[in-house]
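# Observations on the model geometry
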Amino acid sequence: MIQSDYLILGQGLAGTALAWTLMSRGYRVQVVDRGESITSSKIAAGLITPITGLRLVVSWKFEEFFSFATDYYRRIERETKSQFYEIKPMLRLFASPAEVQQYAQRSQTHFPDLVTIPEPLADESQFELPLGGFEMTGGQLDVPAYLEASRRYFESDTRFQQAEVDPVNDLEFESNTVRLPKWNLAADKIIFCEGIHSQQNPWFKTIPFEGAKGEILTLKIPGLNEQRVVHRGIWLAHWKEDLYRAGSTYDREHLNCEPTLAGREEICSRLAEFLKLPVEVIDHRAAVRPVIRGRLPIMGLHPQQPQIGFFNGFASKGSLQTPWMANHFADILEGKATPVKSLDLVHKL
Ligand SMILES: Cc1cc2nc3c(=O)[nH]c(=O)nc-3n(C[C@H](O)[C@H](O)[C@H](O)COP(=O)(O)OP(=O)(O)OC[C@H]3O[C@@H](n4cnc5c(N)ncnc54)[C@H](O)[C@@H]3O)c2cc1C
């Protein structure tokens, strides 16, 4: 029987950050994941964007989370001797006179230190730039490379098991231990980091999951030499070698992982509004983001079964928020912090 302090179920962005954080505090950690090829994390673009949306809103606690995430990813790069994180300049192009007006009203009061206006803004032979825009600094995580490097590290230390766990029938509880006899695993606590799959987990059946399907394209764009991420309703980001990625759609109705013609057309037509060059679609994927009503991450131990925990709800912000939130959850588990009501599992059950 392999005994650990924490068994982390699910190795997406949430489970990976929590596993590293607990390990760095000296806990024995086991990670279990079923190894699906398409998950929300595996297809995510990994963008960390400071200012988003039509109203040009600065992402919640951006400066604190971004600085924490940057230090965290750099540390995991060193631990795994890999590279998967970059600080990235990002270009936001205005799509309407209303956005130009929002910028004029908010830039000096809400984000004076986060933006600059380069001259020229971008190459006019490649981009439509009638209304202008601004530049900001964000980050880009190569999520599959980060997950893979982390998994290899956990495996090398026998801390990883590939398995599909039934959250009810595969778990046995004793006074201070939860056992998974099928795999000879035992832990003081099991923390569910299953992403949208927790929607089917009977322990969390009252959590108001909403979910949002996203589709994303990998593209070849001959002649394009833009290395910044370009945002204009959707985003276009250099990926690797001569490949770019563009996305993503947001669909709250069809919560499945099927790429659709409508999704592909939506991304291509919105891209054509600002990109002058023709694109060739190389790959097209879809997955469901784990959104919980309120759009904040949720964490905590189950009030009726405190050997069970929950860390989920990262919606579109997994790359930015999981490092800080994992640290916060570890503080809560150690009794060093009290859960804020809006993030607390107890208030969602
Ligand atoms: C198209 C798209 C683009 C995105 N772009 C960005 C972006 O640019 N920036 C950003 O920050 N975020 C982005 N996101 C969102 C981001 O991906 C999510 O915040 C993140 O994936 C959530 O991670 P998670 O670990 O909670 O869930 P998941 O990635 O779903 O991970 C859960 C893991 O648990 C495993 N699992 C579940 N149940 C079980 C079980 N019973 N037994 C064993 N294993 C199990 C699953 O197989 C999976 O590996 C995007 C999402 C999509 C869909």
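Calculation rules
- Residues numbered from 1 in each chain as written.
- Predicted model: local features only at pLDDT ≥ 70, side-chain atom pairs only at ≥ 80, totals over all residues.
- Helix = DSSP H or I, 4+ residues; strand = E, 2+ residues; numbered from the N terminus.
- Rg over C-alpha atoms; globule rule 2.2 N^0.38 Å.
- Buried ≥ 20, exposed ≤ 12 C-beta atoms within 10 Å, placed from the backbone.
- Axes fitted to C-alpha atoms, helices over the stretch in contact; angles between N-to-C directions.
- Parallel < 35°, antiparallel > 145°, perpendicular 65-115°, else oblique.
- Left-handed = near helix turned anticlockwise from the far one by under 90°.
- Contact = placed C-beta atoms within 7 Å.
- Nonpolar A, V, L, I, M, F, W, Y, C, P; charged D, E, K, R; others polar.
- Near = placed C-beta within 6 Å.
- Domains from an automatic or database assignment.
- Pairing = 2+ DSSP bridges.
- Expected span 1.5 Å × (residues − 1).
- Core = buried A, V, L, I, M, F, W, Y, C linked by C-beta atoms within 7 Å.

## Examining the overall build of the protein
Helices and strands together make up the secondary structure of the protein, namely seven helices and 19 strands. Rg of the C-alpha trace for the protein: 21 Å, near the compact-globule value of 20 Å for 349 residues, within the 12% margin. When the backbone C-alpha atoms are referred to their principal axes, the protein occupies close to 65 × 40 × 40 Å. Burial status across the protein gives 43% buried among its 349 residues.

## Re the packing of helix H1 (residues 13–24) against helix H5 (residues 143–156)
The N-to-C vectors of H1 and H5 enclose an angle of 45°; their axes lie 11 Å apart at closest approach. Taken as axis vectors, H1 and H5 run oblique relative to one another. Of the two possible hands of crossing, H1 and H5 adopt the one that is left-handed. Between H1 and H5, the residues in contact are Leu13, Thr16, Ala19 and Trp20 and Val143, Leu147, Ser150 and Phe154, respectively. Its residues assigned to classes, the contact of H1 with H5 comprises six nonpolar, two polar and no charged.

## Comments concerning the site of the ligand
Lining the immediate surroundings of the ligand are 41 residues, of which Gly10, Gly12, Gly195, Gly214 and Gly318 lie closest. Here the shell around the ligand is composed, by residue class, of 17 nonpolar, 17 polar and seven charged. Per-domain counts for the shell around the ligand show at least three residues from each of domain 1 (2–43 + 145–209 + 293–347) and domain 2 (83–137 + 211–289).

## Structural notes on the pairing of strand E19 (residues 308–312)
Extensive coverage of E19 is indicated by the burial of five of its five residues. Because side chains alternate across E19, one face comprises the buried residues Ile308, Phe310 and Asn312, and the other comprises Gly309 and Phe311, equally buried. With three bridges connecting them, strand E12 (residues 185–192) and E19 associate as parallel partners. Considered in E19, the bridge of Phe192 is made with Phe310.

## Side note on the environment of Val143
Among the structural elements, Val143 can be located in helix H5. Spatially, the C-alpha atom of Val143 lies 35 Å from that of Pro97, the residues being 46 residues apart in sequence. Dropping the residues within four chain positions of it, Val143 is found in contact with Leu13, Ser41, Lys42, Ala44, Gly46 and Ser319.

## Digging into H1
The end-to-end C-alpha distance of H1 is 17 Å, a good match for the 16 Å that 12 residues give at a rise of 1.5 Å each. In terms of burial, H1 is largely enclosed, as 11 of its 12 residues are buried. When H1 is considered as a whole, its buried residues turn out to be Leu13, Ala14, Gly15, Thr16, Ala17, Leu18, Ala19, Trp20, Thr21, Leu22 and Met23. In the stretch just after H1, Gly26 is the one whose phi turns positive, near 95°.

## Side note on unusual backbone geometry
The peptide bond linking Glu119 to Pro120 adopts the cis configuration, its omega dihedral lying at -5°. Turning to its location among the elements, Pro120 is positioned in the loop between strand E7 (115–116) and strand E8 (133–141). Backbone geometry at Lys81 places phi at a positive 50°, although glycine is not the residue there. Within the fold, Lys81 resides in the loop between helix H3 (62–80) and strand E6 (85–93). With 8 C-beta atoms counted inside 10 Å, the residue Lys81 sits in the exposed group. Although it is not a glycine, Asn184 sits at a positive phi angle of roughly 55°. For Asn184, the position within the fold is in the loop between strand E11 (177–180) and E12.

## Comments concerning the domain arrangement of the protein
According to the domain assignment, the protein consists of domain 1 (2–43 + 145–209 + 293–347) and domain 2 (83–137 + 211–289). Taken over C-alpha atoms, the centre of domain 1 sits 31 Å from the centre of domain 2. Taken residue by residue, the interface counts 12 residues in domain 1 and eight residues in domain 2. The element best represented in the side of domain 1 that touches domain 2 is H5, accounting for three residues.

## A word on the nonpolar core
In this structure, Ile8, Leu9, Leu18, Ala19, Ile191 and Ala246 are the most contacted members of the largest nonpolar core, which totals 91 residues. With eight residues, H1 is the largest single contributor of residues to this core. Residue contributions to this core reach at least three from each of two domains, namely domain 1 (2–43 + 145–209 + 293–347) and domain 2 (83–137 + 211–289). Those residues within four positions of Leu18 in sequence are excluded, and the remaining contacts are Ile8, Ile191, Cys193, Phe311, Ala326 and Phe329.

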